[in-house]
Amino acid sequence: MHSLTFSTKSAEQTQAIAERLAQLLQPGDVLLLEGDLGAGKTTFTKGLAKGLGVRRTVNSPTFTIIKEYMGRMPLYHMDVYRVQDGGEDLGFDEYFYGEGVCVVEWAHLIEEQLPAEYLKVVLLHKGNDERQVELKPVGSRYELMSKELVK
Ligand code: ADP
Ligand code: MG
């Protein structure tokens, strides 16, 4: 619906968008990051972490599936790339309906388990250091968030 598109020319610019978005986040918010390898999903997450006041360095959680960082609230960074068979028994709900913000890379692999409402962030590789960052809100909470971001 009300989607927002940004063009960035560096990793720093992509992080800056995420950092601004982080100011609007509340416990229980869910962000789904879509985009090919190298599109900037983890880079975007680094910006979110910074905006949430996380001091630790955010790395790709590919081998651990879920990494938790503490800022002004918990940030659950999930990379479900290696989850098998839709990740049936991994207890994602505990995170989705928990006290922190969830960021999920490769979310479509656990489609069945996703909450009904979320902010989808689609990252597209446009050139060397150029990316398109598209925010697609699903649900009123996220529509409002997108509107707030461009105020
Ligand atoms: P993914 O998690 O989607 O696989 P990463 O965030 O790990 O992608 O990697 C993106 C790479 O592209 C990083 O090395 C980052 O520095 C680089 N990069 C260059 N330009 C941009 C940009 N405009 N936005 C995001 N990342 C960028
Ligand atoms: Mg990544």
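Going by the structure above, here's the rest.
Now for a quick tour of the structure. Owing to the predicted nature of the structure, the values given are computational and were not obtained by experimental measurement. (Residues numbered from 1 in each chain as written. Chains lettered and ligands numbered in written order. Predicted model: local features only at pLDDT ≥ 70, side-chain atom pairs only at ≥ 80, totals over all residues. Heavy atoms only, no water.)

**Observations concerning the nonpolar core**
Part 1: Ranked by internal contacts, the top residues of the largest apolar core, which has 45 residues, are Phe 44, Leu 48, Phe 96 and Leu 135.
Part 2: In this structure Leu 48 touches Ala 18, Glu 19, Leu 21, Ala 22, Leu 25, Leu 31 and Val 103, once residues within four positions along its chain are discounted. (Core = buried A, V, L, I, M, F, W, Y, C linked by side-chain atoms within 4.5 Å. Buried < 20%, exposed > 50% of the residue type's maximum accessible area, 1.4 Å probe, protein only. Contact = heavy atoms within 4.5 Å.)

**A short note on the site of ligand 1**
Part 1: By nearness alone, 16 residues border ligand 1, and Thr 14, Gly 38, Lys 41, Thr 43 and Asp 129 come closest of all.
Part 2: The backbone of Gly 38 places a nitrogen or oxygen atom 2.8 Å from an oxygen atom of ligand 1.
Part 3: Of all the secondary structure elements, the ones that give two or more residues to the shell around ligand 1 are helix H1 (11-22) and helix H2 (41-51).
Part 4: With 3 residues, the top contributor of residues to the shell around ligand 1 is H2.
Part 5: Of the residues that constitute the shell around ligand 1, the class distribution is 3 nonpolar, 7 polar and 6 charged. (Near = heavy atom within 4 Å. Polar contact = N/O pair within 3.5 Å; in protein donor to acceptor, adjacent residues only side chain to side chain. Helix = DSSP H or I, 4+ residues; strand = E, 2+ residues; numbered from the N terminus. Nonpolar A, V, L, I, M, F, W, Y, C, P; charged D, E, K, R; others polar.)

**Some words on the layout of surface pockets**
Part 1: A volume near 170 Å³ is recorded for the largest pocket.
Part 2: Along the wall of the largest pocket there are 14 residues; nearest its centre are Leu 37, Gly 38, Lys 41, Thr 42 and Glu 105.
Part 3: For the lining of the largest pocket, the element with the most residues is H2, which contributes 3 residues.
Part 4: For the lining of the largest pocket, the residue count by class is 4 nonpolar, 6 polar and 4 charged. (1 Å grid on protein atoms, 1.4 Å probe; cavity = no way out; pocket = protein on both sides within 12 Å on 5 of 7 lines; lining within 4 Å. Points joined across faces, edges and corners; volume = space filled by probe spheres on them.)

**Description of unusual backbone geometry**
Part 1: Positive phi, normally seen in glycine, also occurs at Trp 106, with a value near 65 degrees.
Part 2: Along the chain, Trp 106 falls in the loop between strand S5 (101-105) and strand S6 (118-125).
Part 3: On the basis of relative accessible area, Trp 106 is assigned to the buried category, the value being 15%.

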